[in-house]
Structures are given as C-alpha cells and as structure tokens.
Amino acid sequence: MNSWLTWPVRMIGFLLWYAKEFLLANLQVTADILRPSARMRTDPAIVAVPAASRTASEYTLISSLITLTPGTLTITYSRDHAVLYVHGMFAASRDGLAEEIQEMEDRLLRAMRREPGDLSRPLARPTVRPAEDAAAGAGDASAGTAESENTENDAGRPAGGDA
Amino acid sequence: MLDLTNPAHIVGAVLIFLGLAVLLISAIGLYRLPDLYLRASAVGTSAGLGVALIVIGALLIDFSGPNLVKAIIAVLAQLLTSAVGSMAIARSGYLHDSPPAAITIPDELRETRRDDVEV
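Small disclaimer: the values here were computed from a predicted structure and weren't measured. (Residues numbered from 1 in each chain as written. Chains lettered and ligands numbered in written order. Predicted model: local features only at pLDDT ≥ 70, side-chain atom pairs only at ≥ 80, totals over all residues.)

## Structural notes on the overall build of chain A
The line we're drawing: Only DSSP runs of H or I with at least four residues qualify as helices, and only runs of E with at least two residues qualify as strands; both kinds are numbered from the N terminus onward. Exposure is read from a count of other C-beta atoms within 10 Å of each residue's own; the residue is exposed at 12 or fewer, buried at 20 or more and partly exposed in between. C-beta atoms are placed from the backbone. We call two residues in contact if the C-beta atoms placed from their backbones are at most 7 Å apart.
Across its full length, chain A carries five helices and three strands. Shown N-terminal to C-terminal, the secondary structure of chain A runs as helices and strands in the order α-β-α-β-β-α-α-α. The 163 residues of chain A split such that 40% are buried. In chain A, 67% of the contacts between residues at least 6 apart in sequence involve partners at least 24 apart.

## So, the interface of chain A and chain B
In plain terms, the rule: Charged residues are taken to be Asp, Glu, Lys and Arg, nonpolar residues to be Ala, Val, Leu, Ile, Met, Phe, Trp, Tyr, Cys and Pro, and polar residues to be all remaining types, Gly included.
Listed per partner, the contact involves 34 residues of chain A and 36 residues of chain B. If you list the elements that add at least two residues to the side of chain A that touches chain B, you get helix 1 (2–34), strand 1 (45–50), helix 2 (56–68), strand 2 (72–78) and strand 3 (83–88) of chain A. It is helix 1 of chain A that contributes the most residues to the side of chain A that touches chain B, five residues altogether. A class-by-class count of the residues in the side of chain A that touches chain B yields 18 nonpolar, eleven polar and five charged.

## Remarks on helix 2 (residues 36–61) of chain B
All names here are of chain B. For the record, the criterion: Multiplying 1.5 Å by the helix residue count minus one yields the expected span of that helix. The angle between axes fitted to the seven-residue stretch ending at a residue and the seven-residue stretch beginning at it gives the bend at that residue.
For helix 2, spanning 26 residues, the distance from its first C-alpha to its last is 37 Å, which sits close to the expected 38 Å at 1.5 Å a residue. Residue Gly-50 marks the point of greatest curvature in helix 2, where the axis turns by about 25°. Burial of helix 2 is extensive: 23 of the 26 residues sit out of reach of the surface.

## Details of the packing of helix 2 of chain A against helix 3 (residues 94–112) of chain A
Residue and element names in this part refer to chain A. Quick note on the threshold: To obtain each axis, a line is fitted to C-alpha atoms, and for helices this fit is confined to the stretch in contact; angles are then taken between N-to-C directions over 0 to 180 degrees. These descriptions rest on fixed angle ranges, namely under 35 degrees for roughly parallel, over 145 for roughly antiparallel, 65 to 115 for roughly perpendicular, and the rest for oblique. Crossing handedness: left-handed means the near helix sits turned counterclockwise from the far one by under a right angle, and right-handed means the same turn made clockwise.
Relative to each other, helix 2 and helix 3 sit at 130°, their axes nearing to 11 Å. Viewed along their axes, helix 2 and helix 3 adopt a mutual orientation that is oblique. Our pair here, helix 2 against helix 3, has a crossing hand that is right-handed. For the pair helix 2 and helix 3, the contacting residues are Glu-58, Leu-61, Ile-62, Leu-65 and Ile-66 in the first and Ile-101, Met-104, Glu-105, Leu-108 and Leu-109 in the second. For the contact of helix 2 with helix 3, the per-class residue count stands at eight nonpolar, no polar and two charged.

## Focus on the pairing of strand 1 of chain A
One face of the sheet, then the other: side chains in a regular strand alternate in exactly this way. Residues and elements named next belong to chain A. As a reminder of what qualifies: Strand pairing requires that DSSP identify at least two bridges connecting the strands.
Within strand 1, six of the six residues are buried, which leaves the element mostly enclosed by the surrounding structure. Along strand 1, one buried face is formed by Ala-45, Val-47 and Val-49 and the opposite face, lined by Ile-46, Ala-48 and Pro-50, is buried too. Alignment of strand 1 against strand 3, held across six bridges, turns out to be antiparallel. Bridged to Ile-46 within strand 3 is His-87.

## Quick notes on the confidence of the model for chain A
Selection criterion: The pLDDT value expresses, per residue, how confident the predictor is, ranging between 0 and 100.
Within chain A, residue pLDDT values average 77, and 77% of them lie at 70 or more. Every residue in residues 134–161 of chain A is under pLDDT 50, and counting partners more than four places away or in other chains gives 33 contacts.

## Things to note about the sheet that holds strand 2 of chain A
Residues and elements named next belong to chain A. Here we have three strands laid out as an open sheet, ordered 1-3-2, and antiparallel in their pairing. The sheet terminates laterally at strand 1 and strand 2, the two strands that pair on one side only. Going from strand to strand, the sheet's axes swing by 25° on average, the running direction of each strand aside. Each of strand 1 and strand 3 touches helix 3; the most contacted strand, strand 1, lies at about 50° to it.

## So, the nonpolar core
Just so we agree on the cut-off: Think of a nonpolar core as buried Ala, Val, Leu, Ile, Met, Phe, Trp, Tyr and Cys residues, each tied to the set through C-beta atoms within 7 Å.
By size, the foremost hydrophobic cluster in this structure holds 42 residues, and its most contacted members are Val-47, Val-49, Leu-84, Tyr-85 and Val-86 of chain A. Counting only elements with at least two residues in this core, the list comes to helix 1, strand 1, helix 2, strand 2, strand 3 and helix 3 of chain A together with helix 2 and helix 3 (65–95) of chain B. Setting aside residues up to four positions removed in sequence, Val-49 of chain A forms contacts with Val-83, Leu-84, Val-86, Ala-98, Ile-101 and Gln-102 of chain A.

## Quick word on unusual backbone geometry
All names here are of chain A. The phi dihedral of Ala-82 is positive, around 50°, even though this residue is not glycine. Summarising the element assignment, Ala-82 is placed in the loop between strand 2 and strand 3. Taking the C-beta count within 10 Å as the criterion, Ala-82 has 19 such neighbours and is therefore assigned partly exposed.

## Description of the pairing of strand 2 of chain A
Residues and elements named next belong to chain A. In terms of residue burial, strand 2 counts as a mostly covered element, since six of its seven residues are buried. Where strand 2 lies against strand 3, six bridges are found, and the strand directions are antiparallel. In the sheet register, Thr-74 faces strand 3, and the bridge partner there is Val-86. Here strand 2 hands over to strand 3 after four residues, with Ala-82 in that stretch at a positive phi of 50°.

In structure tokens, the structure reads:
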C-alpha cells in the first residue's frame, strides 16, 4: 500500500532530476557545437548497455528518455538479451557512458515500479552473437572474463543478431 | 501585444530569443558534425529545448488559462514525437548501412551483425 502513496512523490522527484540532466546535456551539446574543430570534444561510441527493464513499456520509456537527452540516442534494444544499444556523443570511456545510462534507468525504475525489485546487472558488454555463431559455439567463453556470466544467461534462449 | 513595461513580457521575449539561438546553433551543428547519429543528437537540442523555450515565451507574452493548457500539450507532444522520430531515423539509418563516423569507437552494435543477411 505504502508504495502506491509514495508513487507521485517518486515520479515528481524523478522528473525534477531528469529536467536537470536535460538542461545540462543541452548546454554540453550546444557548447561543443560552437567550439572550434580542433577543440571539439565529440567522441562518439555505440555501447551495448545491460538493462534492468523487463516490460515493453519500461523499454519504451527508458529509450525515449535516453533519446530525449541531447547527446545520447537509443538506436535499438533487445529484450531477449536485456540490452540497450545507445549512441553517445561524449563517450570518453565506454564504461562511463554505460554507467550514466544505467543510473538513469535505475532512477526511472525506482520511480515507476511499485517495488524496484532486483536492479543489479553487469556493466560490461554482454555476449550477443549472430545466430549461426551462437548455434555453433554456445557457451564458448572466448570473449572475456566478465562476460562468462552472460553467456550462461543467454544459453537457454534463442539467440539472434540484434542489428 | 508586446508591452516592455510588463516583466512577464520581457521574460517571454528573452525566452523566445534564447529558443531561437538554440535552433540556430543546432542548425550549425547539422553542418559541422560528421555523421547521421551525431547530427540527430544536435537536432535533439532544437527539437526539445528550442521549441519548448519558444512556446513558453509565447505563453508568457499572451497568458491565459486555455493558452496554458495548449502550451503544456504542445511541449509534451513535441518532446514525445521528437524522441520517437529520432529513434526511427537512427534505427533506419543503421539498418540501411549509413556507417557511423570512423571516430565512433567502440561500435558494439556492429559486432552483433549477421553479414550474410541483407540488412
């Protein structure tokens, strides 16, 4: 019951936080466009961010909010692999961008869900491989240490390329 | 009419000019940035902040209850459609092989592609 009563407060809190992020991101992009080419800080990347969203409406909301923030753009997502593919304009480090996206998702889910549930997910790139590779070498952990856990999670599902 | 002795009108005019500046700068961004995805990010500033500032400025200059409702609907509809539109453009661009600029490192979406499949 209690979580229903706090819902409006949590949503307003999230909207205020988002408005602040939105204004800062606008300033950052606007300032960068006006810099001379040699000093432009544009350093784009397309990052696969492990997501904690579950339902279609959660994915729709978080993708729209990411895209609405200037400088970040959701290109696509995969519910099967729980991954958001995000293009970032200022991605000095891959993990830095992924952390920013996950922080926004954490805040959104805590605000909109009755119970936030388990929001833990890895930061590293999940192992998502084209369908025929996955069929040939399912469970093959050639991609690295942090990713073995994901390989297991995906093993039972029909894997497919997300592009 | 614009009445420069009315503080709300002055704030409204300032907001409209700020909005115009944002629109102009994002147009410069369209010209200066190297690829589709970065340009979509630049246009995001004008579609979100630029239009919202102009609508709020116009509301302050001609304030009334019905106009307030119209302004809120206009800003919300603008934000929703601009987000969905940007995603549709970026996704169709990617599926039609519009490559991200070479400085896009890493590109973790590229790595999931099946190259024998026409995308």
